[in-house]
Amino acid sequence: MTASTTRRTTATRSRIAAVGAIAVAGALVLTGCGDQTKKNDGGSSKTNSAPLFSALPKKIQDAGVVKVGTDAAYAPMEFTEGGKIVGVDPDIADALGKQLGVKFEFTAGAFDGLITSIYTGRQDAIMSSVTDNEKRQKGLDDSGKQIGKGIDFVDYFSSGVSLLVKKGNPEGIKSLDDLCGKTVAVQRGTIYEDTFKAQATKCGDKKLTIEAFDTDAEAQTRVKAGGAVADLNDFPVAAYIAKTSGGGNDFEVGGAQSDVGLFGIGVSKENTQLRDALKQALDAIIKDGSYAKVLEKWNVKDSAVTAATVNAGK
């Protein structure tokens, strides 16, 4: 999620620690030929055979959980249904969890507090359609002022903005340039209205008429009624509306995405082991096809990445 959408310690060592390390080492020697199974939180014996479990930090191995912060108000990426957080991100996290042998436990919170939850250690990761960009990587605000340490991103989803048109696309709208001489509908005060205004300037004498509404639902109604040829939204939102509105009979996505960026799973810069484990797990689910199945389920397969990257956003 872009910031402009309407939605979304280093440990010190001591002599006591050194003594403790010797004691642990001795305990490992004594138990080396004994039970090699791992104790879970309930105290029962359990062997974790997940392929990438050993790649995780020991703290997360012991907990069996990756704590994830999200803003669960951005369907279809993450939203609440029946009291449970569901969507593209939770489903991708479930697939990652199978590779890593741990659960991803999502907790809802305000979008603007998610990065802070990484700084404070309240969450191990954030996964909430967060656009990976250099400012977030470096801990800068929109003015370039330093406000934090910055975080690392494992990039898992490619998203831009898309045109939402009437089912069947009767006007043949495939790009912003196709809108010249026509009427569009949009939610007032959004980046999408700004995009349409910029296109109107580009259209020149072939006037683009913009009708702005208080809500996106009103803009959608205008398109559905034929009073406007298109609305504009983030691609996954537009795709979800096309899939669900009127049982999939009201709208479709017109043309390809534009202004494409990357969504990333955010982690602390100090937790490189978790970052690298997530990257390995993402590559694994891309390879085994489970990643593609999630995107197909939610009708966002055009946002697939072909390989995991770290801090590739600009």
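Our subject is the structure that appears above.
Thresholds applied
Residues numbered from 1 in each chain as written. Predicted model: local features only at pLDDT ≥ 70, side-chain atom pairs only at ≥ 80, totals over all residues. Heavy atoms only, no water. Helix = DSSP H or I, 4+ residues; strand = E, 2+ residues; numbered from the N terminus. Contact = heavy atoms within 4.5 Å. Polar contact = N/O pair within 3.5 Å; in protein donor to acceptor, adjacent residues only side chain to side chain. Phe/Tyr/Trp six-rings, centres within 6.5 Å; stacked < 30°, edge-to-face > 60°. Buried < 20%, exposed > 50% of the residue type's maximum accessible area, 1.4 Å probe, protein only. Salt bridge = Lys/Arg side-chain N within 4 Å of Asp/Glu carboxyl O. Arc of directions from axis to C-beta. Pairing = 2+ DSSP bridges.

Quick word on the environment of P76
Structurally, P76 is set in the loop between β4 (73-74) and β5 (78-81). On a C-alpha basis, the gap between P76 and W298 in space is 7.0 Å, while along the polypeptide they are 222 residues apart. Ignoring any residue separated from it by four or fewer positions in sequence, one finds P76 in contact with G87, V88, P236, V237, Y240 and W298.

Points about the side chain of N133
Turning to its location among the elements, N133 is positioned in the loop between β8 (125-126) and α5 (134-138). Within the structure, N133 has its side chain in polar contact with the backbone nitrogen of R136 (distance 2.9 Å). Among residues more than four places away in sequence, those in contact with N133 are F153, G313 and K314.

Considering the packing of aromatic side chains
Counted according to the given criterion, the structure contains five aromatic pairs. Their ring planes at 55° and their centres at 5.8 Å tell us that F79 and Y240 sit as a pair that is tilted. Pair noted here: F79 is in strand β5 and Y240 is in helix α8 (residues 235-244), with a separation of 161 residues, a long-range link. Judged by its relative accessible area of 10%, F79 falls in the buried class. With centroids separated by 6.3 Å and ring planes inclined at 45°, the aromatic side chains of Y156 and F157 adopt a geometry described as tilted. On the accessibility criterion, Y156 (0% relative accessible area) is buried. A relative accessible area of 0% places F157 in the buried class. Cluster of aromatic residues (ring-pair linked, three or more members): F79, Y240 and W298.

Section: the pattern of salt bridges
Summed over the entire model, instances satisfying the criterion amount to 13 salt bridges. In this structure, K58 and D62 form a salt bridge, with 2.7 Å as the shortest nitrogen-oxygen distance. Of this pair, K58 and D62 both sit in helix α2 (residues 58-63), four residues apart, roughly one helical turn. Judged by relative accessible area, which is 35%, D62 ranks as partly exposed. Residues D152 and K269 are paired through a salt bridge, measuring 2.7 Å at the closest nitrogen-oxygen approach. Residue D152 is located in strand β9 (residues 151-166), and its partner K269 is located in the loop between β13 (251-268) and α9 (272-288); the two are separated by 117 residues in the primary sequence. For D152, a relative accessible area of 4% gives the class buried. The network of salt bridges with common partners includes D152, K269, R275 and D276.

Remarks on helix α10 (residues 290-297)
Of all the positions in α10, only Y291, V294 and L295 are classed as buried. Each buried residue of α10 sits inside an arc of 95° when the element is viewed along its axis, so together they form one side. For α10, exposure combined with an orientation more than 90 degrees from the buried face picks out K293 and E296. Summarising the contacts, the buried residues of α10 are in contact with α3 (88-100), β9 and α9. One or two steps after α10, the chain reaches N299, where phi turns positive at roughly 65°.

Digging into unusual backbone geometry
A cis amide bond, omega 5°, links A75 with the succeeding residue P76. One non-glycine residue, N169, adopts positive backbone phi at about 45°. With a phi angle near 65°, N299 is a residue other than glycine that sits in the positive phi range. Within the element layout of this structure, N299 appears in the loop between α10 and β14 (309-310).

Observations concerning the sheet that holds β4
Ordered by their spatial adjacency, three strands build an open sheet running β4-β5-β6, and the pairing between neighbours is antiparallel. Single-partner strands in this sheet number two, and they are β4 and β6 (84-86). When β5 meets β6, the two strands line up antiparallel, connected through three bridges. Bridge pairing links T80 to I85 in β6.

Description of the pairing of β9
Along β9, 15 of the 16 residues are buried, which leaves the element largely enclosed by surrounding structure. Bridging between β9 and β13 involves 13 bridges; their strand directions are antiparallel. Along β13, the bridge assignment pairs D155 with G264. The pairing of β9 with β14 spans two bridges and is classified as antiparallel. Considered in β14, the bridge of D155 is made with T309.

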